[in-house]
Amino acid sequence: MAASLKGASLTSCSSTLSCDTDDDGVRGTCEDASLCKRFAVSIGYWHDPYIQHFVRLSKERKAPEINRGYFARVHGVSQLTKAFLRKTQCHCQILNLGAGMDTTFWNLKDENLLPSKYFEVDFPTIVTRKIHNIKAKPPLSKPIVELHSEDTLQIDGHILDSKRYAIIGADLRDLSELEEKLKKCHMNTQLPTLLIAECVLIYMTPEQSANLLKWAASSFETAMFINYEQVNMGDRFGQIMIENLRRRQCDLAGVEVCKSLESQKERLLTNGWETALAVDMMELYSRLPRSEVNRIESLEFLDEMELLEQLMQHYCLCWATKGGNELGLKEITY
């Protein structure tokens, strides 16, 4: 009998922390990021046949500097992720923290680069919506079902669990709940593990993000952590970013850790990670293959290069490793 995603019920949000209205602004950033990625894909910045199944194309045109910024973000995270997968020969697991409508699982499957298991975690309300889309869209559900050897898939409230993919509704500030749900979905602490957080830690207090980083470093013998978020936030441009988000009821609770690349690396090193590297996104953009830069810069005209530079200098990509000497994890770089 073939496994099916049909007929499972979806319950409303029940977690006190995750239903807190103070988090509404943070949850709204998921929609913003999805719309921006969808638009950039629609005009050819990168190929992603799955994003259309999670978010509709916005009628509002996104600015060229925003599109290029998202291209650099997606490219950077993807390059580091694939480097980890190759080092481990895909005998590993990935935990995407605050995954939103991310489509990496489906794209990795198409490239024959799936890890042993791919986990996603986000607020229960976001997970509920994503599970609904997966159930309703065959291009999303079919790959999960094809990889699943059992007759039935587990769909329980804010959790969908299968052999190679799981999505979990949980609050990253409640580590006991997070760990319990991950274990319920057969997380293997003995496997090399890649954790990914994109614009997630900055919405947590420094203490909360430190606890999450310590938990990750102590839970897995061999691990890598990728963090994409703001940096150089002490200058005037950074202050304007903070004020704009506050006007949308979105407070950057962890902004004090985002002062510099050094403060970003220091946070990782003081919370259990053995190595840490970081680059701002303008530096990453300058390292892109010239052919790719020429291709994306031909897609649309950018009036002010200075604005792109300012924006990219206020985001960074950081990565840290623990263990994995025999795999060469410390050699991974961008």
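Residues numbered from 1 in each chain as written. Predicted model: local features only at pLDDT ≥ 70, side-chain atom pairs only at ≥ 80, totals over all residues. Heavy atoms only, no water.

1. Focus on the overall build of the protein
Point 1. When helices and strands are counted, the protein shows 12 helices and 9 strands.
Point 2. Judged by the C-alpha coordinates and their principal axes, the protein covers about 60 × 45 × 40 Å.
Point 3. Here the protein holds 334 residues, and the buried ones make up 57% of them.
Point 4. Taking all contacts inside the protein whose residues are at least 6 apart in sequence as the whole, residues at least 24 apart take part in 78%.
Point 5. Counting 39 positive and 46 negative side-chain charges, the protein places the centres of these two groups 5 Å from one another. (Helix = DSSP H or I, 4+ residues; strand = E, 2+ residues; numbered from the N terminus. Buried < 20%, exposed > 50% of the residue type's maximum accessible area, 1.4 Å probe, protein only. Contact = heavy atoms within 4.5 Å. Lys, Arg positive; Asp, Glu negative; His and termini not counted. Charge placed at Lys NZ, Arg CZ, Asp CG, Glu CD.)

2. Some thoughts on the pairing of strand S6 (residues 193-198)
Point 1. Of all the 6 residues making up S6, 6 are buried; the element is thus mostly covered by neighbouring parts of the structure.
Point 2. Burial along S6 is two-sided: Thr193, Leu195 and Ala197 facing one way and Leu194, Ile196 and Glu198 facing the other are all buried.
Point 3. In terms of strand pairing, strand S1 (residues 93-97) meets S6 through 5 bridges, oriented parallel. Following the sheet pairing, Asn96 is matched in S6 by Ile196. (Pairing = 2+ DSSP bridges.)

3. Observations regarding the pattern of salt bridges
Point 1. A full pass over the atoms with the stated rule returns 24 salt bridges.
Point 2. Linking Glu300 and Arg61 is a salt bridge whose minimum nitrogen-to-oxygen distance equals 3.3 Å. Separated by 239 residues along the polypeptide, Glu300 in the loop between helix H11 (290-297) and helix H12 (305-312) and Arg61 in the loop between helix H1 (24-42) and helix H2 (64-87) bring together distant segments of the chain.
Point 3. Between Lys330 and Glu274 there is a salt bridge, and its shortest N-O distance comes to 3.3 Å. You can see Lys330 sitting in the segment after strand S9 (315-322) and its partner Glu274 sitting in the loop between helix H9 (261-269) and strand S8 (275-280), a full 56 residues away along the chain. (Salt bridge = Lys/Arg side-chain N within 4 Å of Asp/Glu carboxyl O.)

4. Quick word on the confidence of the model for the protein
Point 1. Per-residue confidence for the protein gives a mean pLDDT of 91; residues scoring 70 or more make up 92%.
Point 2. Note that pLDDT drops below 50 for residues 6-21; the model gives that stretch 34 contacts with residues more than four away or on any other chain. (pLDDT = per-residue confidence, 0-100.)

5. Topic: the packing of aromatic side chains
Point 1. Inspection of every chain in the model, using the stated rule, returns 8 aromatic pairs.
Point 2. When the centroid spacing of 5.2 Å and the interplanar angle of 85° are considered together, the rings of Phe105 and Trp106 count as edge-to-face. Each of the two residues, Phe105 as well as Trp106, counts as buried.
Point 3. Centre to centre, the rings of Tyr228 and Tyr315 are 5.6 Å apart; their planes meet at 10°, and the pair counts as stacked. In this pair, Tyr228 sits in strand S7 (residues 223-230) while Tyr315 sits in strand S9, placing the two residues 87 residues apart along the sequence. In this structure, Tyr228 and Tyr315 share a single accessibility class: buried.
Point 4. An aromatic cluster is present here, built from Phe54, Phe105, Trp106, Tyr118 and Tyr165 joined pairwise through their rings.
Point 5. The ring of Phe54 carries Lys130 above its face, with NZ or CZ at 5.2 Å from the centroid. (Phe/Tyr/Trp six-rings, centres within 6.5 Å; stacked < 30°, edge-to-face > 60°. Lys NZ or Arg CZ within 6 Å of the ring centre and 35° of its normal.)

6. Considering the nonpolar core
Point 1. Counting residues in hydrophobic clusters, the biggest one holds 74 residues, and the most contacted among them are Trp106, Tyr165, Ile226, Tyr285 and Leu317.
Point 2. No other element matches the 7 residues that H2 contributes to this core.
Point 3. In this structure Tyr285 touches Arg68, Ala72, Val293, Ile296, Glu297, Leu308 and Met312, once residues within four positions along its chain are discounted.
Point 4. In terms of nonpolar packing, the next biggest core, distinct from the first, is built from 35 residues, Leu178, Val231, Leu268 and Ala320 among them. (Core = buried A, V, L, I, M, F, W, Y, C linked by side-chain atoms within 4.5 Å.)

7. A few points about the pairing of S7
Point 1. In terms of residue burial, S7 counts as a mostly covered element, since 8 of its 8 residues are buried.
Point 2. Note: S6 against S7, 6 bridges, orientation parallel. Paired with Ala197 across the bridge in S7 is Asn227.
Point 3. For the segment spanning S6, helix H7 (residues 206-219) and S7, crossover handedness is right-handed.
Point 4. Sheet topology places S7 next to S9; 8 bridges connect them, and they run antiparallel. Paired with Gln230 across the strands is Tyr315, a residue of S9. (Right-handed = clockwise from strand over helix to strand, strands pointing away.)

8. Side note on the UniProt feature "binding site: S-adenosyl-L-methionine" (unreviewed entry) in the protein
Point 1. Residues annotated by UniProt as "binding site: S-adenosyl-L-methionine" (unreviewed entry) correspond here to Arg73, Gly98, Asp171, Leu172 and Glu198. Look at the named residues: they lie 126 residues apart in sequence, and the longest C-alpha span between them is 24.1 Å, so in the fold they stay spread out.
Point 2. As for its position among the elements, Leu172 is in the loop between strand S5 (165-169) and helix H6 (175-184).
Point 3. Ignoring sequence-local partners within four residues, the contact set of Leu172 consists of Leu97, Gly98, Val121, Leu178, Val200, Met204 and Leu212.
Point 4. One can find Glu198 in strand S6.
Point 5. Reaching out from Glu198, the side chain makes a polar contact with the side chain of Arg73 at a distance of 2.7 Å. (UniProt positions renumbered as here; feature names shortened; annotations may be inferred. Polar contact = N/O pair within 3.5 Å; in protein donor to acceptor, adjacent residues only side chain to side chain.)

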